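Per-entry structural report
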Amino acid sequence: MRVIVYSAHRHDIRDLSAANSAQAHAFEFFEARLGVDTARLAEGFDAVCTFVNDSLDAVVLGKLAKAGIRLVALRCAGYNQVDLDAAQRLGLCVLRVPAYSPHAVAEHAVGLVLTLNRHLHRAYNRTRENDFRLDGLEGFDLFGKTVGVIGVGRIGAVFARIMLGFGCRVLVHDAFTVPADLLQLGARQSPLAELLAQSDIVSLHCPLTPQTHHLIDASALSTMKPGVMLINTSRGGLLDTTAVIAALKEGRVGFLGLDVYEQEGDLFFEDLSSTIVADDVFQRLLTFPNVVVTGHQAFFTREALAAIATTTIANLDDFAAGRATTSPNRVDLGLVRRATR
Ligand code: NAI
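Residues numbered from 1 in each chain as written. Predicted model: local features only at pLDDT ≥ 70, side-chain atom pairs only at ≥ 80, totals over all residues. Heavy atoms only, no water.

- Taking an unreviewed UniProt entry as the reference, the protein is identified by name as D-lactate dehydrogenase belonging to Hydrocarboniphaga effusa AP103.
- UniProt lists a comment for the protein under the heading Sequence similarities (unreviewed entry), and it reads "Belongs to the D-isomer specific 2-hydroxyacid dehydrogenase family." (UniProt positions renumbered as here; feature names shortened; annotations may be inferred.)

Observations concerning the UniProt feature "domain: D-isomer specific 2-hydroxyacid dehydrogenase NAD-binding" (unreviewed entry) in the protein
- Under the UniProt annotation, "domain: D-isomer specific 2-hydroxyacid dehydrogenase NAD-binding" (unreviewed entry) lies at residues 110-298.
- Measuring from the first to the last C-alpha atom of residues 110-298 gives 10 Å, for a span that is 33% helix and 16% strand. (Helix = DSSP H or I, 4+ residues; strand = E, 2+ residues; numbered from the N terminus.)

Re the packing of helix α4 (residues 102-117) against helix α6 (residues 154-165)
- Viewed as axis vectors pointing N to C, α4 and α6 meet at an angle of 50°, and their least axial separation amounts to 8 Å. Classed by the angle they form, the pair α4 and α6 counts as oblique. Viewed along their axes, α4 and α6 form a crossing whose handedness is right-handed. Seen from α4, the contacting residues are Pro102, His103, Val105, Ala106, Glu107, Ala109, Val110 and Val113; seen from α6, they are Arg154, Ile155, Val158, Phe159, Ile162 and Met163.
- Its residues assigned to classes, the contact of α4 with α6 comprises 11 nonpolar, one polar and two charged. (Axes fitted to C-alpha atoms, helices over the stretch in contact; angles between N-to-C directions. Parallel < 35°, antiparallel > 145°, perpendicular 65-115°, else oblique. Left-handed = near helix turned anticlockwise from the far one by under 90°. Contact = heavy atoms within 4.5 Å. Nonpolar A, V, L, I, M, F, W, Y, C, P; charged D, E, K, R; others polar.)

Observations regarding the UniProt feature "domain: D-isomer specific 2-hydroxyacid dehydrogenase catalytic" (unreviewed entry) in the protein
- UniProt tags residues 17-327 as "domain: D-isomer specific 2-hydroxyacid dehydrogenase catalytic" (unreviewed entry).
- Summarising residues 17-327: 35% helix, 14% strand, and an end-to-end C-alpha distance of 23 Å.

What to know about the site of the ligand
- Around the ligand, the surrounding shell holds 22 residues, and the nearest of these are Arg154, Ile155, Asp174, Phe176 and Thr233.
- Thr233 is positioned such that a nitrogen or oxygen atom in its backbone is 2.9 Å from a nitrogen atom of the ligand.
- A distance of 3.0 Å is found between an oxygen atom of the ligand and a backbone nitrogen or oxygen belonging to Phe299.
- Taking 850 Å² as the accessible area of the ligand by itself, protein coverage stands at 86%.
- Of the residues that constitute the shell around the ligand, the class distribution is 10 nonpolar, eight polar and four charged. (Near = heavy atom within 4 Å. Polar contact = N/O pair within 3.5 Å; in protein donor to acceptor, adjacent residues only side chain to side chain. Areas by Shrake-Rupley, 256 points an atom, 1.4 Å probe, with all protein chains shown as cover.)

Okay, here's the thing in structure tokens:
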């Protein structure tokens, strides 16, 4: 298949080329994001291969279909950026990489917890300045603390297991089922309200859907423990960022660790160090000493990247061989109904 790869960075070129060793597919790589202005580049290709911040709304999908595209191969698990109604209407098949390394994302979430808890981001800067004072670096033991995990699918379950290993009391909440082994290991299933009220640390691992949009808003924040640590490695839209900033200013949120941000499409994966960033909400977040933001890098491990490339090639193979309709990696309205029922 002739495949145009949008948002292609060095690692995408390296890993997709390696996984395509049989040369079954012809790739063209573009650093540009897919959007209204770049959709025309897809003329003459069979498939587009995209990442989290490429736009796949109805207008873009319409342009892709007109250009002759038949397949959208997502190099990610989340599909909230795709207008699936439009894709279905236009006869476009959408395949994704549902799982690559849940460990990568879960371990990054734990990294954010430890960074904030022990102020490692501040300690790093201090010691580089030969400032070895400890004032302001006092942390707290994770042992014995209550950790709430919202969404215990692939990533949330790994995160919960790690936190159980620290000796935390782990409360889990999922709209559907909770893995039995987690409960056997000592995690406790909990209604959302109870989890929010009791947790010292809350980590979000559910997908962004209409039901989970701004799951953590002003009203949810008002029920949480004063000084709570909030971690979001899932999707920015789960948090009402303005409400979280208000809670940070009042000290009601004690720590915030983010790998995702609602408006990250305008920021992440780009070098903006020489420009003026106009997003005042994001800029305000960066001023807090108890906030750590990483730029959607939780997935970014060797193992995860290799798995993404291998599954993407398998998805292209399946589509070329007419097997896509029965692929478990297919994203359609049925999957959305199952995920949000
Ligand atoms: P998954 O589908 O295995 O698990 C998601 C879980 O959330 C499921 O158990 C589901 O039942 C639950 N859920 C759905 N709606 C819910 C609700 N309203 N309340 C509570 N639970 C709900 O997905 P996986 O692989 O664990 O990924 C989770 C999320 O992590 C993805 O949706 C994606 O947005 C994000 N992600 C972030 C990455 C990063 O680099 N920062 C990389 C990969 C995924």
